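Chain residues, written in single-letter form:
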Amino acid sequence: MPALDNVAKAELALLRQKSLLRTLKGSQREEGVVVRRGKRDFISFSCNDYFGLSHHPHVIAAAQEALVQYGAGAGASRLVTGNHPLYDALEKKLAAVKGTEAALVFGSGYLANLGVIPALAGKNDLILADRLIHACMIDGAKLSGAVFMRFAHNNLDHCRLLLEEHRGEFERCLILTETVFSMDGDLAPIADLAKLAKKHDAWLLTDDAHGLGLIPPGGIHADIQMGTLSKGAGAYGGYVCASRPVIDFLVNSARSLVFSTALPPSVIAAATESLAIMRKDKKLTQKPLQHARTFTRLLGKKKAESAIVPVMLGEPERALEASARLEEEGFLVAAIRPPTVPQGTARLRFAFSALHEAEHIGRVASLLKKFGYA
Ligand SMILES: *Cc1c(COP(=O)(O)O)cnc(C)c1O
């Protein structure tokens, strides 16, 4: 057997050759949308902190207060002694935002999907998922042992066809999608999917990682609304909103909740304060979408539906080159490559923040045109 180091080196060489190698770069996030790398400051279009709440003085103050009052760590899982008093306020707020009876906070969005999906579906069951769902839902589905099928992106007819053909062979059926697609920025037809799920005796789980605060939940929503506190809320953690019995069941069955330590109290306090700010400051929460629409208008692209706008470039080399050229000009825009997105759809992914200025958007749009990327 070859030595472990040699295997690692060979794998890395292969990734480098395909322009798919990834490395960690020290990135210090500063005021507004500025990120410092090395000695240079950049304007970032690659942060998911859509409202700048991670640096909001009230959010920081709430975290500091909790840190002093409750300590740095939670000390145990939520079912043991980690369920500090701040969880209750956060979960009440989340349930109110989503219009559900109850909510449950997990260690992260990733952990929420990894815990919830296997709790709801197992080896006699069927999971149907949109082709473009996030890796952590795919991992949750794999872990569940259920039969896993994909429908074409946002294609209700394909989803219906799969239900008509296969629903009868399984006990339970779970449908997975995102409210706002993380790499494409388009929205799923949630109300129609919810009706379809109901008609075929299936449950719908939606991942709202990129919608919280930006895209209000519609009247008809999914049975299980999952999301994260790590993006728009500027803190950390994941959550699920659903009926009281479903939440109580998940407390007993989601292994990533049962067997993982509770979040630090300061993180919960920060997220709770962020939700309060989002609820009050509508001017702030409307801005990312307005900025995204300015950008799509400047480039003559289809009107943005969310704060995320991809600029499609095809092969990974081209996306890396575009990202590097913008970086030379002082902008950080992540090149997104397979396996994050399907083969042949490497892209620049722009995430707009309330804290971007019109001048940032105008400048980056004209560079994209000048370089021939848009
Ligand atoms: C970021 C993301 C997650 C994971 O959330 P974390 O809190 O960062 O673990 C889950 N789903 C989608 C769609 C995401 O974009």
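For the structure itself, consult the block above.
Residues numbered from 1 in each chain as written. Predicted model: local features only at pLDDT ≥ 70, side-chain atom pairs only at ≥ 80, totals over all residues. Heavy atoms only, no water.

> Looking at this structure, I do not really get the nonpolar core. What am I missing?
Across soluble globular proteins, nonpolar side chains have a tendency to be buried as a group. If you look at the biggest cluster of nonpolar residues, it comprises 33 residues, and the most contacted ones within it are Leu90, Leu94, Val105 and Leu229. Every element with two or more residues in this core is listed here: α2 (57-70), α4 (86-98), β4 (102-106), β10 (238-242) and α11 (265-280). Top contributing element to this core by residue count: α11, with seven residues. (Core = buried A, V, L, I, M, F, W, Y, C linked by side-chain atoms within 4.5 Å. Buried < 20%, exposed > 50% of the residue type's maximum accessible area, 1.4 Å probe, protein only. Helix = DSSP H or I, 4+ residues; strand = E, 2+ residues; numbered from the N terminus.)

> What is the right way to look at helix α5 (residues 109-120) in this model?
Along an α-helix, a turn takes 3.6 residues, which lines up residues three or four apart on a common side. Between the first and last C-alpha of α5 there are 17 Å, a value that for twelve residues agrees with the 16 Å anticipated at 1.5 Å per step. Every buried residue belonging to α5 is among Gly109, Ala112, Asn113, Gly115, Val116, Ile117, Ala119 and Leu120, and all of these are buried. For α5, the side-chain oxygen to backbone nitrogen distance between the N-cap and Tyr110 is 3.3 Å, and the N-cap itself is Ser108. (Expected span 1.5 Å × (residues − 1). Polar contact = N/O pair within 3.5 Å; in protein donor to acceptor, adjacent residues only side chain to side chain.)

> I would appreciate a short explanation of unusual backbone geometry in the present structure.
Backbone phi values are negative for most residues with the exception of glycine, while trans is the configuration of most peptide bonds. Here the amide bond leading from Pro338 into Pro339 is cis, since omega sits at 5°, within 30 degrees of zero. Inspection of the secondary structure assignment puts Pro339 in the loop between β13 (335-336) and β14 (346-351). Unusually for a residue other than glycine, Asn154 sits at a positive phi of about 55°. At Asp201, a residue that is not glycine, the phi angle is positive and equals roughly 55°. Position of Asp201 among the secondary structure elements: in the loop between α8 (190-199) and β8 (203-207). A relative accessible area of 56% places Asp201 in the exposed class.

> Any chance you could explain the sheet that holds strand β1 (residues 28-29) here in plain terms?
Sheet strands pair by backbone hydrogen bonding; their relative direction is either parallel or antiparallel. Taken together, the four strands give an open sheet; going across it, the order is β1-β2-β3-β12, and neighbouring strands pair in mixed fashion. Among the strands making up the open sheet, the edge pair consists of β1 and β12 (331-332). Judged from the two bridges that link them, strand β3 (residues 40-44) and β12 form a sheet pairing that is parallel. The residue bridging Ile43 from the neighbouring strand is Phe331, located in β12. (Pairing = 2+ DSSP bridges.)

> Is there a simple way to think about the pairing of β4 in this case?
Residues in a regular strand point their side chains to alternate faces of the sheet. Buried residues dominate β4, accounting for five of its five residues. Across the two faces of β4 the burial is the same, with Ala102, Leu104 and Phe106 and Ala103 and Val105 all buried. Sheet topology note: the β4/β10 ladder contains five bridges and is antiparallel. Its bridge partner being in β10, Leu104 is matched across the sheet by Val240.

All quantities given are derived from atomic positions and should not be read as evidence of function.
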